[in-house]
Structure formats: C-alpha cells, structure tokens
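Structure assessment
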Amino acid sequence: MTMSRRLLAAIAAVALLALVAVLVFARRDGAAAAGAHDEAKPPGTRPALTVTTMVPQRTSLPVRLAANGSIAAWQEASVGAEAGGQRLTDVRVNVGDRVRKGQVLATFATETLQAAASQARATLAEAQAAAADAAANAERARSLEATGALSVAQINQYVTAEKTAQARVQAARASLEAQEVRFGQTQVLAPDEGIISARAATVGAVVGAGTELFRLIRQGRLEWRAEVTSAELGRLAPGTAALVTAASGARLEGRVRTIGPTVDAQSRSALVYVDLRPLPGPAAGSARAGMFARGEFDLGATPALTLPQPAVVVREGFSYVLRVNPDGRVSQVKVQTGRLVGGQVEITAGLPADARVVASGGNFLNDGDLVRVVEAPAPAQAPASAPAAR
C-alpha cells in the first residue's frame, strides 16, 4: 500500500514538471516570435523603446520665498553695577545659565555700606534731637509773645531755628534712605528671565558704577533676521509663516514680527525680523545667536500644470518633454519650468494641457523616434486595514 502511494506521488511530480516545462518553452517561443516580427520590419519602423505616457496634471503648489540671514537674540539686556567702588564677593551664574526674574546674579561686599548706613542713622537721631529742642524753644517764645518779655526779632529767631532743625531732620532722613538704597544695590538682580550670554564679573574685582557685569538674552527668545531684496519685500507682511534651518541643522518655525523700515543702499535688501520657535528633532535647541540660517517664507499656494520629474529631460541647459504623436513617433518639445515640489515639476509654458508625453525614459529618445506605447501599470491596492483594537 505504501509503495503504491509513493508511485502515484512520483508520477504526479513528473507530470507537474512536464507541464511547467511546456509553459516556459511556449512563452519563450512567443517572445522570440515577437522579436523576429519587429526585426522583420524596415529599420525606420522598429520601435526604439517601449514607454508609458501621461498628460500633465493640474494641481495646487505652494509658493515660497527663499532667503538667507542670521539668528540673533530678540533682545539682549545689559546687567551692570549700580553701586560704584565696591568689591565683588560672589558670582553665582555663568554663561549659558537660565535665570528667572529677580534672581541674584552676584553680590558686593557690604561692610563699607553698613558703616555708612549706621553713620546716617546717627546723624538722623542727632538732627531729630536738635529739632525737638528747637521746637520747644520756639513754643516757649510764642507763649511769651503776649507778655512782651521777648522782642519780635527774638521770637522770629526761635521760630527760624525750629524750621532749620526740621529741615536738617529731613536731609538726614534722605541721606539714610540713600544709604539703604546703596546697600540694596550690593545684590545684582536679573531684570528678566532669560539666558546669560556673556559674563564680565570676577570675584574680588572692584568695579565702578555702570560697569557691565552680564549680558542676558531676554526670555531666551531668538529671531531670524532675513535679508530680502526690495523687489520681493512687498510679498511679505507681519504674520507670514516661515521655516528656518540653522547651520547646526536645527529646524525652527516662525512668523514675521516686523519688516525693517529701510533698505540698504548697497545691497538693495531689507531686514525682516522673524520670531522663532524650535521644532522637535535631534538638533532641536542647537540654534544659537549669531548662526547663519536659511529659510523659506510660506506665501500660500497657486494652481499649476505639473509633470513628474522623470518626464522632463534637460539637454544643453534647456528643459524638454517627449510628446507622443498619433503615429507613435515622439516630438521633442521645449518647455519652461517653474517650481519643483515633491518630485513634481511645474510647466509654465510650451506644452498644451492635453498633450500626451513620455512618462519616463525620455533621455534615451530623440526627436522623431518611434515608440511602442503600453498602458501604465495599475497602482497597487493598499492592504486591508486591520480591525481596530477594542
């Protein structure tokens, strides 16, 4: 029983191999016959190439304006010493540190200012005591005015002394307040949140009033200062979106904040200020002030007549397409091209909208060549999507 089954299986396998051989030889013979048929034709009637054809497509393409420029800080604050002649005792931040508004960046020695404040307090107390004594003398003088014991001149002298003492009290109080303000200036505070971009403060240095100690990029904001020619300037407006690529590879998106009010007389270009925000990516955050960057402004979209890039042949610096005529021969047609977006080339002039052209392989064809036109393969169907998980 087992031998019979093996015999039957062997016979079936031999039959299957024979069938496959027959099919292969039949197909090869058919191809050879077709080739012989083409070779039998006169030389001028043999197809040079088998091609697929297509007609231009009408679609909508984005309009972009390219520009170059530099990345810069939106605003850079200078943080300096308000109290002069004091020694720096502590520097708490360094370049690159992110700080918050009101954070202490550095401190000065306080001994001298504390002594000056103590002296001002003593001077105020002395002036207040003298003012109290002068006020009492003036009050007694006024009480004796009706008795005639003191002359008018003497009474006026006591009243004037009282007012002078009161003025001295006010001057002493103002001096104390000034010393307290100077004491408060021994701490250098951040005027806004941001990133420290430069530091000149050194522990132990005695600096004068107004000396710059730090530079701060306010709020950590960057901007792109794009150079745009005067001819293109009218196409931009505040709020126009832009996509910027820094020299480090960082990609940033932004919007036009303002357009420079003047045009450079030498380059005939103006600065366009674009607020930036980094996009997620491996180089995110690597953009720095001072970097060169190139970008594109998004100016919307317009309708266009397009062909795939392989359908356009470039020869001797000009663009051509191979138009297929009703007799199966091709004509080389010179066209004007525009935008190139996602592998689609805009045809701006030289080609009718209903012209049928060679979709690819035009580099191997010349004007007047005979081609065999075949139908383009149908696009593959997408596999059925899996049922959603419940």
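1. So, the overall build of the protein chain
The helix and strand inventory of the protein chain stands at three helices and 22 strands. Split into buried and exposed, the 390 residues of the protein chain put 30% on the buried side. Look at the contacts in the protein chain between residues 6 or more apart in sequence, and 75% of them connect residues 24 or more apart. Accessible area for the protein chain stands at about 23,900 Å²; split by element, carbon and sulfur atoms hold 54% of it.

2. Points about the environment of valine 99
Within the secondary structure, valine 99 is located in strand E6 (residues 98-99). The sequence separation of valine 99 and isoleucine 196 amounts to 97 residues, and the corresponding C-alpha distance is 7.5 Å. For valine 99, the contacting residues outside a window of four places in its chain are Val93, Leu105, Ala190, Asp192, Glu193, Gly194, Ile196 and Leu216.

3. Comments concerning helix H2 (residues 111-143)
The first and last C-alpha atoms of H2 sit 49 Å apart over 33 residues, in line with the 48 Å expected at 1.5 Å per residue. Residues of H2 that are buried in the fold lie against strand E5 (86-91) and helix H3 (152-184).

4. With respect to the sheet that holds strand E7 (residues 104-108)
Here four strands make up an open sheet; going across it, the order is E8-E7-E5-E10 and the pairing antiparallel. Only two strands of the sheet have a single partner each, and these edge strands are strand E8 (187-189) and strand E10 (206-207). Inspection of the sheet shows E5 paired to E10 by two bridges, in the antiparallel sense. Following the sheet pairing, glutamine 86 is matched in E10 by valine 207.

5. A look at the packing of aromatic side chains
Tallied over the full model, the rule gives one aromatic pair. Between tryptophan 224 and phenylalanine 297, the aromatic rings sit 5.5 Å apart at their centres with planes inclined by 25 degrees, giving stacked as the arrangement. Of this pair, tryptophan 224 sits in strand E12 (residues 222-229) while phenylalanine 297 sits in strand E16 (residues 292-308), and the two are 73 residues apart along the sequence. Note on accessibility: tryptophan 224 and phenylalanine 297 belong to one class, buried. Across the ring face of phenylalanine 318, the terminal group of lysine 334 is positioned such that the distance to the ring centre comes to 3.8 Å.

6. Topic: the pairing of E12
With six bridges joining them, strand E3 (residues 57-73) and E12 adopt antiparallel strand pairing. Residue asparagine 68 lies in a different strand from E12, and its bridge partner there is glutamate 227.

7. Thoughts on the side chain of glutamine 86
Along the chain, glutamine 86 falls in strand E5. Given the relative accessible area of 6%, glutamine 86 is considered buried. Beyond its immediate chain neighbours, meaning those up to four positions away, glutamine 86 contacts Phe108, Ala109, Thr112, Leu113, Arg182, Ala205, Val206 and Val207.

8. Quick notes on the pairing of strand E19 (residues 330-341)
Note that strand E18 (residues 318-324) and E19 share six bridges and pair antiparallel. By the bridge assignment, serine 319 is partnered in E19 with valine 335. Where E18 folds back onto E19 in an antiparallel hairpin, the turn is made up of five residues, including glycine 328, whose phi is positive at roughly 85 degrees. Note: E19 against strand E20 (residues 344-349), four bridges, orientation antiparallel.

9. Thoughts on unusual backbone geometry
In this structure, arginine 268 takes a positive phi of about 60 degrees despite not being glycine. Mapped onto the elements, arginine 268 comes out in the loop between strand E14 (251-259) and strand E15 (269-278). The phi dihedral of glutamate 316 is positive, around 55 degrees, even though this residue is not glycine.

10. Considerations on H3
With 33 residues, H3 should reach 48 Å at 1.5 Å per residue; the first-to-last C-alpha distance of 48 Å fits that figure. Where H3 is concerned, the buried positions are Ile155, Val159, Glu162, Ala165, Val169, Ala172, Leu176 and Gln179. Buried positions along H3 lie against H2.

11. Considering the pattern of salt bridges
Across all of its chains, the model carries twelve salt bridges by this definition. Of the charged contacts, one joins glutamate 212 and arginine 215 as a salt bridge, the two residues approaching to 2.7 Å between their closest N and O atoms. We note a salt bridge from aspartate 275 to arginine 257, for which the minimum N-O separation is 2.5 Å. With aspartate 275 in strand E15 and arginine 257 in strand E14, this pair connects stretches of sequence that are 18 residues apart. On the accessibility criterion, arginine 257 (31% relative accessible area) is partly exposed.

12. Some details on the confidence of the model for the protein chain
Residue-level pLDDT values for the protein chain average 83, and 84% of them are 70 or greater. Segment residues 24-41 is flagged for pLDDT under 50; beyond a separation of four residues in sequence, or across chains, it makes four contacts in the model.

13. Section: the environment of proline 62
Here proline 62 is to be found in strand E3. On a C-alpha basis, the gap between proline 62 and arginine 339 in space is 8.7 Å, while along the polypeptide they are 277 residues apart. With residues up to four places along the chain from it excluded, the contact list for proline 62 reads Gly300, Ala301, Arg339 and Val341.

What counts and how
- Residues numbered from 1 in each chain as written.
- Predicted model: local features only at pLDDT ≥ 70, side-chain atom pairs only at ≥ 80, totals over all residues.
- Heavy atoms only, no water.
- Helix = DSSP H or I, 4+ residues; strand = E, 2+ residues; numbered from the N terminus.
- Buried < 20%, exposed > 50% of the residue type's maximum accessible area, 1.4 Å probe, protein only.
- Contact = heavy atoms within 4.5 Å.
- Areas by Shrake-Rupley, 256 points an atom, 1.4 Å probe, with all protein chains shown as cover.
- Expected span 1.5 Å × (residues − 1).
- Pairing = 2+ DSSP bridges.
- Phe/Tyr/Trp six-rings, centres within 6.5 Å; stacked < 30°, edge-to-face > 60°.
- Lys NZ or Arg CZ within 6 Å of the ring centre and 35° of its normal.
- Salt bridge = Lys/Arg side-chain N within 4 Å of Asp/Glu carboxyl O.
- pLDDT = per-residue confidence, 0-100.

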